[in-house]
Amino acid sequence: MAGASVKVAVRVRPFNSREIGKDSKCIIQMSGNTTTIINPKQAKDSKSFNFDYSYWSHTSPEDVNYASQVQVFKDIGEEMLLHAFEGYNVCIFAYGQTGAGKSYTMMGKQDVKDQQGIIPLLCEDLFTKFNNKTDNSMSYSVEVSYMEIYCERVRDLLNPKNKGHLRVREHPLMGPYVEDLSKLAVTSYNDIQDLMDSGNKARTVAATNMNETSSRSHAVFNIIFTQKRHDAETDNTSEKVSKISLVDLAGSERADSTGAKGTRLKEGANINKSLTTLGKVISALAEVDSGPNKNKKKKKVESFIPYRDSVLTWLLRENLGGNSRTAMVAALSPADINYDETLSTLRYADRAKQIRCNAVINEDPNNRLVRELKEEVSRLKDLLFSQGLGDIIDMTNAMTGMSPSPSITALSSRAGSIASLHDRIMFSPGSEEAIERLKETEKIIAELNETWEEKLRRTEAIRMEREALLAEMGVAMREDGGTVGVFSPKKTPHLVNLNEDPLMSECLLYYIKDGITRVGRLDASSRQDIVLSGHFIKDEHCTFTSSTGPTGEMVVLEPCEGAETYVNGKRVTEPTVLRSGNRIILGKSHVFRFNHPEQARAERERTPCAETPAEPVDWAFAQRELLDKQGIDMKQEMEQRLHELEDQYRKEREEANNLLEQQRLDYESKLEALQKQVDRYYPEAPEEEEELEEEVQWTERERERAVWSFRKWRCYQFTSLRDLLWGNAIFLKEANAISVELKKKVQFQFVLLTDTLYSPLPPDLLPSEATKEKEKRHFPRTIVAVEVQDQKNGATHYWTLGKLRQRLDLMREMYDRAADVPNNTTEDCENVMTGGDPFYDRFPWFRLVGRAFVYLSNLLYPVPLVHRVAIVSDKGEVKGFLRVAVQAISADEEAPDYGSGVRQSGTAKISFEDQQYEKFQSESCSAGLSRTGISQEELRFVEGEGQNVEMGPSADEVNNNTCAADADEQENPLKASVDGPLDALEHLRIGNVFTFRVTVLQASSISAEYADIFCQFNFIHRHDEAFSTEPLKNTGRGPPLGFYHVQNIAVEVTKSFVDYIKTQPIVFEVFGHYQKQPFLPLCKDVISPLRPCRRQFPRVMPLSKPVPATKLTTMARPQAGPCHCKYDLMVFFEICELEANGDYIPAVVDHRGGMPCHGTFLLHQGLQRRITVTIVHESGGDMEWKEVRELVVGRLRSTPEADETIIDPNILSLNILSTGYVRPMQDDRTFYRFETAWDSSMHNSLLLNRVTPYGEKIYMTLSAYLEMENCTQPAVITKDICMVFYSRDTKLSASRSIRNLFGTGSLRAADGNRVTGVYEVSLCNLADAGSPGMQRRRRRVLDTSVAYVRGEENLAGWRPRSDSLILDHQWELEKLSLLQDVEKTKHYLLLREKLESTLLMGQEALQSCVAEELSESAPPPLEVDPEISSSAEFATERQRDLAAKCLRLLTHSFNREYGHVCVSASESKISEMSVTTLRESTSICALNTITPSSTCPSLVEGCYGNTDLRPPMPRSRAVSPSPDAQHDPEAKKSSNGASEAKPSTRKYVPDIQEIRVSPIVSKKGYIHFLEPHTNGWVKRFVVVRRPYVYIYNTERDGVERAILNLSSAQVEYSEDQQAMLKTPNTFAVCTEHRGILLQATNDKEMHDWLYAFNPLLAGTIRSKLSRRRAGQMRM
């Protein structure tokens, strides 16, 4: 029963008199176990909750669905009582608002039949079960206690004398308890009933507006229920103690609802305090037990449970998430006037559902074990009896219990019975195991039932045996038995060992007993008294004979035949009488000294013995004595041995020198050969004389492109961000170190700032030469600055690098005098305010929250618009939203009276001078992002960062970046409509005064950290003239901030003003007073190494560098030129282990991390392994794998990050076993696979040679060097492998999330036990050595971030940012670019919608102004002028192009993989469709045939280079590398045609980059794919993590099966295609190599998938569909 959840039931009561008087309506509905509450204010707003029980007690008992008191008790009370009899603690508590029926449910009305509550019914049923028990061995005892908790104080309700408040204490074992609480023993239900009556009368109740008898305290009724069982066999008594806690909580209430005042209000506050604490405890327990927290890998939720905040929760600690089975009854009020309280109660109960209690049976563990063992004995006996072996049990019992009989007949009869018993057991399968188990169980029971006296006797016997064994081994024990060791006896002769180690000498003592003491080996034929071991010890070595003669006791040593025995250095072969102190050597290594205490005592009385030496008799003395007596000169032998060693060393040294000299010569010859080979491949270019360049006649377009390129690269030439970051890192580190030393709480870090619309650079951050070059610069400037985080004042400043150095000099001076001048807090504060401290800067009262932009294109028509624009910070974060209204008004129009809440300003006159505006335009055109918004692509590259050639601008983009007006016309249809003569705009005639109104309405969603908010706005080129609103208080909550500021602006219309409202916005800047929000506390003023994470974009993770190869020679990497082609690789990594049957099986992979391309290999310690790598990619002629040059593994570590600066000594090159192409069934992709042998012991690493501790993981980097055809150098694939090592015998189950490829549901370890890696391979042409563009200057700047500065050890691993900062800044620039595009697009869409609605309202004058804009969606008039006819002709041409694209799409898009799609449609259908399409009108064609946007090129243009309608020849299968194609050159030649006749000699530079998986999931779910080789659809699970789509077999599949690169693919959607193919909800995804047809379940799903794949295309489709619906409504 452990680990069960809390049982939760809800019960709704009837209306009370108060609710009936107010004509309340029932808002509670119950269906089964589901309870639904309806919002009385909004009938459609309903909330449903599921509980274990839902009781409908709102109606009368005659209702069929009415839940009575008895039913509630049967469902909850009987179950809890049963758990109490099982030995568990039990708790039932009721919760609800005042008057909801808690006390009625728990206590009921005892004087009315069938209306008793749970507590009386449970007590009555308890004693009923006592009386019905028939087991005489069981006895019961019951104790009760009754207390109330009133105003956080405990009162005893059963002891009238105890009128004071009881104290709550906590025992280490018992837990919280109430001191001096009465526990009264009861013997019948009547006793309990009397006690309950007396306790209920003493409870504190009072009348409130909601309940006349409201319980003002929490009542806890405890029943301590003890069960005793007496076992007659063992005479033991076992106990089970259960505690039943029945709790009636006080009502939760609101002061305004109950009308509480005075004492009642104080009581309600205490009640709500305890109930609030109970809610916090339930919420904390639910958080701990919730699923997501449990599944977080390696993260344990450390939640604090606030039990002690209230007396109620402290006493109920075990019942809430502890050792108890708990049930909760939530009482509900059905009235609509109590909607908030009832909804709160339902949410309270819903949270309590998630709590899990770990209940255990309260009994003695020893008694429980005996009981379980007895049950097992009876079960085994029943098993043997069922097999007919019952007599065997009796026989075995008799055999084990019978005494040994000397009678031969008894022995023979016993032997016969044993034989027959053995035969019967052999013929009864399983009986032998059952008998052994039975004996084992009975033995355990006997041990458990053994008395203390028997255990003492057995311990004494074991001690005696141990002393005898030690005496035999030569280890003696004192007579008191206290200490084990060597103690010389006073009379008995004995031997003492001598050892080379003085500490080991005299540690063993062997007694020589009276008579014969034999010495020999353990495996001798007869038992030896002294057992020795060694090469020279015989089985029976010698004997010691102790006898008593006339001179006293003497000992004689008699060696056996052939045994080496020495006495005092002389070998003895005959019996020798020993004297005390003699040295005895047995064999070669056993040295003893003979001691005879009586003899030594007698000789001391006489003269000392002549043979007794004066020096100590130890092991060295015995050895020297032996050598002297044997005639061996040790000194001479040592000198002879030393001469021999010197001669051997001299010979080995000469041989080693000769070998080293030979190897040196060999290496020199190899180096010369390699140098010649390098010179042959890379000859040095001879210095050519400079030739005069011929003049080349450029066209105007080429000249514009050249100028654009020169301007762009000129900006990059003068700024190198990486050089600045590396060169100034040491100053930044020193400033941080000084800040930590002086405890200034200021942190410095590098930051990149770019001059954009949202983040204009302040003048103080621009260098002096930058202002002069502003007009020459055609791209935004990026500078390196220092971000100063003032943690003391909660401010952030930006310094230039020059200012950092100036301040650093002052910091050094302050640091030097810090030891002499004591730190004064007052002076420190004054320095901060006056700017005297070099660490701090002044900060303004108001700070910029963000900027917003409102475009004015609606003034051209004119129509009023209300914009909701985003307030964006300089980091690209949306800080809030601003509502602004812009409308044109007449000059004589009087401002309406808005009331007191609207601030009206006078009419401001603004002059637009053409000269000033043209100057601004020239500057803004050079500023890229900040002005025109045309050249966006290049702004996502930061200066100093290398760029790919493919990502450069095209020819059209070059023209668009020249700030020409025609680019605006093509890109912006709204602007094109008014680019005609200005006379067409009646209200914007040159020279007229045009008045318009800007109304700042509201600001919303601004953080509460900005207290006072105000807004100012100005024209983008007139910073000196700004309009400001009044500051407003901001709380961060409640309704939006209402500025309601009206500003009228009058402008004399000029050409520049008209151009401004066409293209430029008004700048709105929102300011606020920043309340001091201190930064996160740092550990002891140490600068934290953590960076602020980005919310919108994923953090750029560092990629592991390849492990250096050990066998390949290091060659200079050639310079890469333009990219030839790109491929997406999917690489499978497997680690196979050797099984018992000799096969290598893939090791289990744990995919529980949840991210693609991740997994942990679960390996066994001590097994042979192989690493298998499989490369999967689309078939293509440029990708052909030749061989695997080397596979190396290294960088073993216990953390995911690797320190690549340290040289790894454990790099291991693996032996390649097999390589080659494989051909899976029904998959035409290219599979290249190779396998290597991996011996992890060769790394000599402790991480791989042990079992991984719990909670740790082992990381290793793997790099494969592969040679490709037509490539100058090997390509490198690198992957970080995560592993966990288990013991050799651990059983590891396969992951449950792995399914086979076709989704049958069966587990296939071969498919799931792998880790996937996604890579992008780029094949680039060799750079032209003579091209100036390819010979870029490579700066060699010292990275000063690794240099040591004083105090660096206090920075806790902090490092200055470098390359990652540039990548992060690219993200920020891209965010700003996207936000600007979004605002501009929102404005145009809003204006278009407004114009269409105005057109529908019949504004004919406006229709004539925007006829060209709406020409695509509105039919042409009957009278057509030449301009309109030309546009109609153009629409017809466009219509024909669209029809041709559709035909090519249906005919050729899927001919490689899905040819049967086109077969299903006959030629007649295609011709009919083409004719029908060509006859359609312009609007219908535009709506039915949807072309992809500019970001997603069309299918035909992407797949085919020409524009004719001929189907292109698909690439031959012989081009894709395969074993068949390689062995058949003739077929390859013939299939490839003339182009393959001459093999290409072009060489490419390969580059493989691992793709980091994005953590942002755009969409995931199931979608149908059209199978290539069948006519059916197959369902696959797809996860879109842009820019990649990951395809799985099922939702629980942990391995990626295929990928799609959306950045290089195009999405096609056509309703005509769906109608022709009769396949609704389909769309196509076309890559360079294949087309894939996908089908969604419904129309909404299809649009969701389209939005995930291509948001712009999905938006186009939705826009056209809405326009179609609008057109149909008009028709």
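Conventions and cut-offs
Residues numbered from 1 in each chain as written. Predicted model: local features only at pLDDT ≥ 70, side-chain atom pairs only at ≥ 80, totals over all residues. Heavy atoms only, no water. Pairing = 2+ DSSP bridges. Helix = DSSP H or I, 4+ residues; strand = E, 2+ residues; numbered from the N terminus. pLDDT = per-residue confidence, 0-100. Contact = heavy atoms within 4.5 Å. Axes fitted to C-alpha atoms, helices over the stretch in contact; angles between N-to-C directions. Parallel < 35°, antiparallel > 145°, perpendicular 65-115°, else oblique. Left-handed = near helix turned anticlockwise from the far one by under 90°. Nonpolar A, V, L, I, M, F, W, Y, C, P; charged D, E, K, R; others polar. Salt bridge = Lys/Arg side-chain N within 4 Å of Asp/Glu carboxyl O. Buried < 20%, exposed > 50% of the residue type's maximum accessible area, 1.4 Å probe, protein only. Expected span 1.5 Å × (residues − 1). Arc of directions from axis to C-beta.

1. Digging into the sheet that holds strand β26 (residues 552–559)
Turning to step 1, where the next piece is worked out: Within the open sheet, the 5 strands sit side by side as β24-β23-β25-β26-β29. Their pairing is mixed. Each of the sheet's edge strands pairs with one partner strand only, and the pair in question is β24 (530–531) and β29 (576–578).
Turning to step 2, where the next piece is worked out: Two strands pair when backbone bridges link them, and strand β23 (residues 515–520) and β24 are joined in this way by 2 bridges, in the parallel orientation. Note on β24: the bridge partner recorded for Val519 is Ile530.

2. So, the confidence of the model for the protein
Turning to step 1, where the next piece is worked out: Mean pLDDT over the protein stands at 75; residues scoring 70 or higher make up 71%.
Turning to step 2, where the next piece is worked out: Of the regions scoring below 50 in pLDDT, residues 1295–1307 engages in 38 contacts with residues more than four places distant in sequence or in other chains.
Turning to step 3, where the next piece is worked out: Residue range residues 1331–1339 is modelled with pLDDT below 50. Its contacts to residues more than four positions away, or to other chains, number 14 contacts.

3. Description of the packing of helix α2 (residues 69–86) against helix α4 (residues 118–132)
Turning to step 1, where the next piece is worked out: α4 packs onto α2 with a crossing angle of 50 degrees between their chain directions and a minimal axis gap of 10 Å. If you check the angle between α2 and α4, you find them oblique. For the pair α2 and α4, the crossing hand works out as right-handed. Across the interface between the two elements, Gln69, Val72, Phe73, Gly77, Glu78, Leu81 and Phe85 of α2 pack against Ile118, Leu121, Leu122, Asp125, Leu126, Lys129 and Phe130 of α4.
Turning to step 2, where the next piece is worked out: In the contact of α2 with α4, the residues fall into 9 nonpolar, 2 polar and 3 charged.

4. Let's talk about the pattern of salt bridges
Turning to step 1, where the next piece is worked out: Tallying each qualifying case throughout the model produces 49 salt bridges.
Turning to step 2, where the next piece is worked out: In this structure, Arg593 and Glu506 form a salt bridge, with 3.0 Å as the shortest nitrogen-oxygen distance. With Arg593 in strand β31 (residues 590–595) and Glu506 in the loop between β21 (494–498) and β22 (509–511), the pair connects residues that are 87 residues apart, well separated along the chain.
Turning to step 3, where the next piece is worked out: Measuring nitrogen to oxygen at the nearest pair gives 3.9 Å for the salt bridge that ties Asp539 to Arg521. Residue Asp539 is located in the loop between β24 and β25 (540–549), and its partner Arg521 is located in the loop between β23 and β24; the two are separated by 18 residues in the primary sequence.
Turning to step 4, where the next piece is worked out: On the basis of relative accessible area, Asp539 is assigned to the partly exposed category, the value being 40%.

5. Some details on helix α22 (residues 801–817)
Turning to step 1, where the next piece is worked out: With 17 residues, α22 extends 25 Å from end C-alpha to end C-alpha; this agrees with the ideal 24 Å at 1.5 Å per step.
Turning to step 2, where the next piece is worked out: Taken as a whole, α22 has its buried residues at Leu801, Leu804, Arg807, Leu808, Met811 and Met814. The buried side chains of α22 occupy one side of the element, clustering within an arc of 125 degrees when seen end-on. Residues of α22 that are exposed and angled more than 90 degrees away from the buried face: Gln806 and Asp816.
Turning to step 3, where the next piece is worked out: Next to the buried residues of α22 lie α20 (721–741), β32 (746–754), β33 (782–790) and β34 (795–800).

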